[in-house]
Amino acid sequence: MADAIENIKFKVQPLIPVSEALQQLLEDVKTTRQVELINLDCALHRILADQPISLVDVPPQDNSSMDGYALAFADLNVGAETILEQSIRIAAGDAPQTLKAGTVARIFTGAELPKGADTIIMQEQVSVDQAGVRLPAKVKLRQNVRPKGQDIRRGELLHPVGRKLQPADIGVLASAGINQLSVYKPLKVAILSTGDELVEPGEPLADGKIYNSNRAMLNALIQQLGMQVVDLGKVSDTLEATTAALAKAAQCADLIISTGGVSVGEEDHIKAAVDSLGQLNMWRIKLKPGKPLAYGWVDNTPIFGLPGNPASALITFCLFARPYLMKLQGGNLEKTLSFKVLADFDIVKKCTREEYLRGVYEDGQVRPFTNQSSGMLSTASKANGLIMIPADSLVAKGQRVDFIPFSQLLG
């Protein structure tokens, strides 16, 4: 009877399209902006709270891009070979002497160009004998010279506020002489799993039980975002236990993510618990897999109730929770890149929901795995992205479809 009442209560609410749901979620974000100062070696995946400024020119002086010989262009013969004496040798890291007029310097890649020189000839074009260093004709002024500040200028503004720092970003900051950064403090994200059928890996697997994959997966997904996990473990399938767990999570975290308990069964208590502690703002997305996604607030703490099936949990996290978390952390949201690729498959039966198929893109074509069950996580592990099929669409082999690489959805 309770199950029937629950169905009646929520059936009147139409499914929310994916794009509309994401827009509503992002408009509801109340960004937190607590800031801390960290060392550069701790900056991976952190989000900038202040825009860094380069302390130096990069490179700091003109330097050589080749192993070869440095000289003054004015000392060369026009259109003919030139023979000059070598006067100095400069390796990377040396503070060079001034080059004597009418001579050349033996120079190595990365070495600073000496005063008096403005051109470098690579060693493969030069020969040396008793007469001196033989230099070819048709040399161009400043060839093979990396100019001072070619990469970055002193005082140049670098990465913008809200940038999530990747390895190349950190290398740029190091080259600019920066060793400390102002970043947003990591969010604390509470995770909890509902389901009396769940046991943790390493425990005996009794009849009727399954291992909990969502807990480990969410832990990894959140850490990959540079955020802190508050792991509240498994919650019993009762309204009292669910309510108590959510109340505790709201007190110790900036956001709550639960898995399971968001459908309409008698053992699904997330919606009722959220309603009793705060408000449920969204439920049921026009999405396959992942329709029973819930979003709301427990006191002043936002909560995402992800489906219990692991493939659904992964996809709904990527599509909804991840961008929400990034904005909540103060990060800039970049448009998720998708690509039009050739379908190596057919869809002959329309789905009324927007569908995300786990698939493999290779050799210019994409193909989905045959079994797209929301309970199968192994296909997500084997896939390199998601094939997006609009609602009420058919696909013919050779048609172009949208493909989103997992590199755009993770990390």
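So, here is what we can say about the structure in this document. Everything quoted here is computed from the prediction, not taken from an experiment. (Residues numbered from 1 in each chain as written. Predicted model: local features only at pLDDT ≥ 70, side-chain atom pairs only at ≥ 80, totals over all residues. Heavy atoms only, no water.)

### Some remarks on the sheet that holds strand β11 (residues 188-194)
Thinking step 1. With respect to topology, six strands assemble into an open sheet ordered β14-β11-β15-β19-β18-β16, the strand pairing being mixed. Only two strands of the sheet have a single partner each, and these edge strands are β14 (228-235) and β16 (278-283). Across the sheet, the axes of successive neighbouring strands diverge by a mean angle of 20°, strand direction being ignored.
Thinking step 2. Both strand β15 (residues 255-259) and strand β19 (residues 301-306) contribute to a ladder of four bridges, which runs parallel. Bridge pairing links Ser258 to Gly305 in β19.
Thinking step 3. Along the sheet, helix α6 (residues 270-277) contacts β11, β15, β16, β18 (294-298) and β19; its crossing angle with β16, the most-contacted strand, is approximately 135°. (Pairing = 2+ DSSP bridges. Helix = DSSP H or I, 4+ residues; strand = E, 2+ residues; numbered from the N terminus. Axes fitted to C-alpha atoms, helices over the stretch in contact; angles between N-to-C directions. Contact = heavy atoms within 4.5 Å.)

### Describing the sheet that holds strand β7 (residues 127-129)
Sheet strands pair by backbone hydrogen bonding; their relative direction is either parallel or antiparallel.
Thinking step 1. Here six strands make up an open sheet; going across it, the order is β6-β3-β5-β4-β8-β7 and the pairing mixed. Of all the strands in the sheet, the pair left with one neighbour each is β6 (119-122) and β7. The sheet shows a mean angle of 40° between the axes of neighbouring strands, direction not considered.
Thinking step 2. Bridging between strand β3 (residues 68-71) and β6 involves four bridges; their strand directions are antiparallel. The residue bridging Ala70 from the neighbouring strand is Ile120, located in β6.

### Quick notes on the pattern of salt bridges
Thinking step 1. This model, assessed by the stated rule, comprises 12 salt bridges.
Thinking step 2. Of the charged contacts in the structure, one is a salt bridge between Arg367 and Glu362, with a shortest N-O distance of 3.7 Å.
Thinking step 3. Bridged by salt links that share partners, the residues Asp57, Lys148 and Arg153 form one connected network. (Salt bridge = Lys/Arg side-chain N within 4 Å of Asp/Glu carboxyl O.)

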